[in-house]
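Residues per chain are reported as follows:
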Amino acid sequence: MLVLTRRTGQSIMIGNDVKVTVLEIRNDQVRIGVDAPRRVQVHREEIYEQIARENAAAIREARSTTEALRRARPRQEPPAS
Amino acid sequence: MTETEVPNLEEAVVLQFPAGIPGFPGMRRFALQALVEDSAFQLLDSVDGDGVSMVVTRPWLFFPDYSPEIDDEDQDELRLDRPEDAILFCPVSIDRDAGNLYINLRGPLVVNARTREGRQVVLDDDLPLRAVIEVETD
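Attention in this report is confined to the structure presented alongside it. (Residues numbered from 1 in each chain as written. Chains lettered and ligands numbered in written order. Predicted model: local features only at pLDDT ≥ 70, side-chain atom pairs only at ≥ 80, totals over all residues.)

1. A few points about the overall build of chain B
Along its length, chain B carries one helix and 10 strands. When its helices and strands are written in sequence order, chain B yields β-β-β-β-α-β-β-β-β-β-β. A compact globule built from 138 residues would reach a C-alpha radius of gyration of about 14 Å, and chain B, at 14 Å, matches this within 12%. Here the C-alpha coordinates of chain B stretch approximately 40 × 35 × 25 Å along the principal axes. By residue count, 39% of the 138 residues in chain B fall in the buried class. Contacts in chain B between residues far apart in sequence, at least 24 positions, make up 52% of those at least 6 positions apart. (Helix = DSSP H or I, 4+ residues; strand = E, 2+ residues; numbered from the N terminus. Rg over C-alpha atoms; globule rule 2.2 N^0.38 Å. Buried ≥ 20, exposed ≤ 12 C-beta atoms within 10 Å, placed from the backbone. Contact = placed C-beta atoms within 7 Å.)

Set out below in structure tokens:
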């Protein structure tokens, strides 16, 4: 891993078109700004991992999901009694 | 964002996801097609990959009160100038051991019907990654 030291207001470039800027440092929190082109999506890692994990589960079971749902429709609410 | 009319997708429609979709490494083009005629479920199938796919559905069929807030950045990236151009699908997964079906309400796929570009957005709120859905068959 490349390690760089930056101060508030300073940036690093990743490739030609991704710029990461340190906006504010307070205690053990850092506010970071990211400028990136639209093909690059920026997420907090833990949230990205959650979404990727759910997608992977959906992809892994795509065949059985397709089989289970081929003739299925949303269950209708039971009539109110 | 609310529900909009969608085509019935009997024929596959090819969509571009310029930022890709987590879990589909390197893949940008996807064909979306109804599982069968008039199905509530669709298959999102990678055109570039080797048959990598996932089942998706319209969340409002199961959660009529679902009201995702698509942030300005995602709207800009998708060039969603008109809300009625937005079509939204949620990934469906299955837990065969538990016999449960889930949809992911936190990470919906939003598509601009005009440009046919899509993006999986991540909603900030406390929407579930796995909401149980119930289906019935004939």
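2. Let's talk about the pairing of strand 3 (residues 29-35) of chain A
Moving residue by residue along a regular strand, the side chains alternate between the two faces of the sheet. Residue and element names in this part refer to chain A. Burial within strand 3 is sparse, with just zero of its seven residues counted as buried. Two elements, strand 2 (residues 18-26) and strand 3, share seven bridges in a ladder whose sense is antiparallel. Looking across to strand 3, one finds that I25 is bridged to V30. (Pairing = 2+ DSSP bridges.)

3. Concerning helix 2 (residues 62-69) of chain A
Along helix 2 of chain A, the positions that sit buried rather than exposed are A62(A), T65(A) and L69(A). The buried residues of helix 2 of chain A all sit within an arc of 65° when viewed along its axis, so they share a single face. On its buried face, helix 2 of chain A is in contact with helix 1 (45-60) and strand 4 (72-74) of chain A together with strand 3 (41-46), strand 4 (53-57), strand 5 (86-95) and strand 10 (135-137) of chain B. (Arc of directions from axis to C-beta.)

4. Here's the deal with the nonpolar core
Core analysis: the biggest nonpolar cluster contains 39 residues, and A58(A), M54(B), V55(B), V56(B), V92(B), I103(B) and V110(B) have the highest contact counts within it. Of all the elements in the fold, those that place two or more residues in this core are helix 1 and helix 2 of chain A together with strand 2 (29-34), strand 3, strand 4, strand 5, strand 6 (100-103) and strand 7 (109-112) of chain B. Looking at this core, the element that brings in the most residues is strand 5 of chain B, giving seven residues. (Core = buried A, V, L, I, M, F, W, Y, C linked by C-beta atoms within 7 Å.)

5. A short note on the sheet that holds strand 3 of chain A
Residue and element names in this part refer to chain A. Taken in spatial order, the three strands line up as 1-2-3 in an open sheet, and their pairing is antiparallel. Every interior strand has two partners, whereas the edge strands, strand 1 (11-14) and strand 3, have only one. Along the sheet, successive strands turn relative to each other by an average axial angle of 25°, direction set aside. (Axes fitted to C-alpha atoms, helices over the stretch in contact; angles between N-to-C directions.)

6. Here's the deal with the interface of chain A and chain B
Taken residue by residue, the interface counts 29 residues in chain A and 32 residues in chain B. Of the residues forming the side of chain A that touches chain B, the biggest block, 11 residues, is contributed by helix 1 of chain A. The residue inventory of the side of chain A that touches chain B, partitioned by class, reads 14 nonpolar, seven polar and eight charged. (Nonpolar A, V, L, I, M, F, W, Y, C, P; charged D, E, K, R; others polar.)

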